[in-house]
Amino acid sequence: MRGFLKPVAWLTCVFAMATAGCSSGSGDASDRAARAADSPGASATSPVSPVSPASPASPASGSGSVSYAPYVSATEAADTDSAGSPTTYNLAFVISGGSGCTPKWNGTEAIGDPAVTSRIAKLTADGGGVRVSFGGASGKELASTCTSATALAAAYGTALDAAGSRQADFDIEGDQLTDADSVALRSEAIALLQKERTDLTVTFTLPVMPSGLDADSLALLASANAHDVQVSSVNIMTMNYGESYGGDMGDYALTAARATHTQLKKVFGLSDAGAWRGMALTSMLGVNDVDGETFTLSDAAQVRAFAEEKEIGWVSMWSTFRDVPCEDGQRSQDDAATNCSGVSQSSGAFGRALSG
């Protein structure tokens, strides 16, 4: 998914989740049980008190079984943030503040910025939680700039403490995904962090094609598994497939999910239910970055219905600040990839469609 920088200016836990004992931490009963603890209402600059994660409840029928957790800007509020009443907000993005190991929001704003702290408090005022998302498509993920696993774990921990969160998302794509050294360092650091914070839930957000995860994404998951990282879910980005895919984006999202489901079952020995519950789906609403790819409101409804049918862990979108129509006559000035959807809609319509 896109970051906010402008061009110029396994899965051992997923297996446990399918059989009995690890928190999914991303949208089911365990997430709801941890909402109060995840809220930074007290102090977002000091570590949160550890609590034991709850075991996931048996999936319920209906819309309540699939959580909605959109990506939001950590620094700028959008009128559509609360559309669909999210269970969790993915705060995008924490990356390196330069060439060192200092974490910053979007690579520019201090982790402890009071404005960000205030923003997080407002997001969580209704009981929702926050998940800190590291990486994205722009800038440098911390694993490529920190020189040791200990330093990297500390950088991740600093950001989590500032947000008052026990949930970490690692959006790994592009060059970061193909860098074997940073992949290994990240896995080692996350494992260290989870030893210190036994209630920390981890999600990997990865690119996908209708054929499923590619070799680099599977290698990343293998690395995490080799380091005993406890992964609560694999979030696939059902978007930006390429010029060879000119069909229906809703259908492609479902095809990609089915292919990934098969991979997770085969590689990690998961049951049908375990592989679905350990998956999340994130779509790029409206006009995507690839010509000819447009994710419509009808597609959003299709994805939601599929997620409920399969009892997928959670659904998401990039992003709340794009969940608005572009201004009339301003298409040439508005970038549909950053500040509006590029399709006909009412404000917040995608959030409501994906939340069911």
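So, here's what we can say about the structure. Remember, predicted model here, so these are calculated numbers, not experimental data. (Residues numbered from 1 in each chain as written. Predicted model: local features only at pLDDT ≥ 70, side-chain atom pairs only at ≥ 80, totals over all residues. Heavy atoms only, no water.)

**Brief notes about the state of the cysteines**
Here's step 1: Summed over the entire model, instances satisfying the criterion amount to 2 disulfides.
Here's step 2: Put simply, Cys-101 and Cys-146 are joined by a disulfide, and their sulfur atoms are 1.9 Å apart. In this structure the cystine formed by Cys-101 and Cys-146 twists about its S-S bond by roughly 95 degrees; its chirality is therefore right-handed. Note that Cys-101 is positioned in the loop between strand E3 (88-96) and strand E4 (103-105) and Cys-146 in the loop between strand E6 (129-135) and helix H5 (149-163), a separation of 45 residues in sequence.
Here's step 3: Judged by relative accessible area, which is 26%, Cys-101 ranks as partly exposed.
Here's step 4: With a sulfur-sulfur separation of 2.0 Å, Cys-326 is cross-linked through a disulfide to Cys-340. Since a negative S-S torsion denotes a left-handed disulfide, the Cys-326-Cys-340 link at about 80 degrees is right-handed. With a gap of 14 residues between them, Cys-326 in the loop between strand E13 (314-318) and helix H12 (349-355) and Cys-340 in the loop between E13 and H12 connect regions that are remote in the sequence.
Here's step 5: By relative accessible area, which is 9% here, Cys-326 ends up buried.
Here's step 6: Residue class for Cys-340 comes out buried when judged on its relative accessible area of 1%. (Disulfide = S-S within 2.5 Å. Helix = DSSP H or I, 4+ residues; strand = E, 2+ residues; numbered from the N terminus. Buried < 20%, exposed > 50% of the residue type's maximum accessible area, 1.4 Å probe, protein only.)

**Topic: helix H4 (residues 114-123)**
Residues separated by three or four positions in an α-helix point in the same direction, a consequence of the helix having 3.6 residues per turn.
Here's step 1: Taken residue by residue, H4 has Val-116, Thr-117, Arg-119, Ile-120 and Leu-123 as its buried positions. Projection of H4 onto a plane perpendicular to its axis shows the buried side chains occupying an angular sector of 160 degrees, all on one side. Facing away from the buried side of H4, by more than 90 degrees, are the exposed residues Pro-114 and Lys-122.
Here's step 2: Buried-residue contacts for H4 involve strand E2 (71-73), E3, E4, E6 and H5.
Here's step 3: Near the N-terminus of H4, the side chain that reaches the backbone nitrogen of Ala-115, with its oxygen 2.8 Å away, is that of Asp-113. (Arc of directions from axis to C-beta. Contact = heavy atoms within 4.5 Å. Polar contact = N/O pair within 3.5 Å; in protein donor to acceptor, adjacent residues only side chain to side chain.)

**What about the pairing of E6?**
Here's step 1: The element E6 is extensively covered by neighbouring structure, given that 7 of its 7 residues are classed as buried.
Here's step 2: Pairing geometry for E3 and E6, over 5 bridges, is parallel. In the sheet register, Leu-91 faces E6, and the bridge partner there is Val-132.
Here's step 3: Of the pairings in the sheet, the one linking E6 to strand E7 (residues 167-171) comprises 4 bridges and is parallel in character. Across the sheet, residue Val-132 finds its bridge partner in E7, namely Ala-168. (Pairing = 2+ DSSP bridges.)

**Quick word on the nonpolar core**
Here's step 1: Ranked by size, the top nonpolar core spans 76 residues in total, and within it Leu-91, Phe-134, Tyr-156, Phe-170, Phe-204 and Leu-206 carry the most contacts.
Here's step 2: It is H5 that contributes the most residues to this core, 9 residues altogether.
Here's step 3: Every residue in contact with Leu-91, bar those within four places of it in the chain, is listed here: Val-72, Ala-74, Trp-105, Ile-120, Leu-123, Val-130, Arg-131, Val-132, Ser-133 and Ala-163.
Here's step 4: Of all hydrophobic cores here, the second largest spans 10 residues; its members include Tyr-71, Ala-92, Met-237 and Met-239. (Core = buried A, V, L, I, M, F, W, Y, C linked by side-chain atoms within 4.5 Å.)

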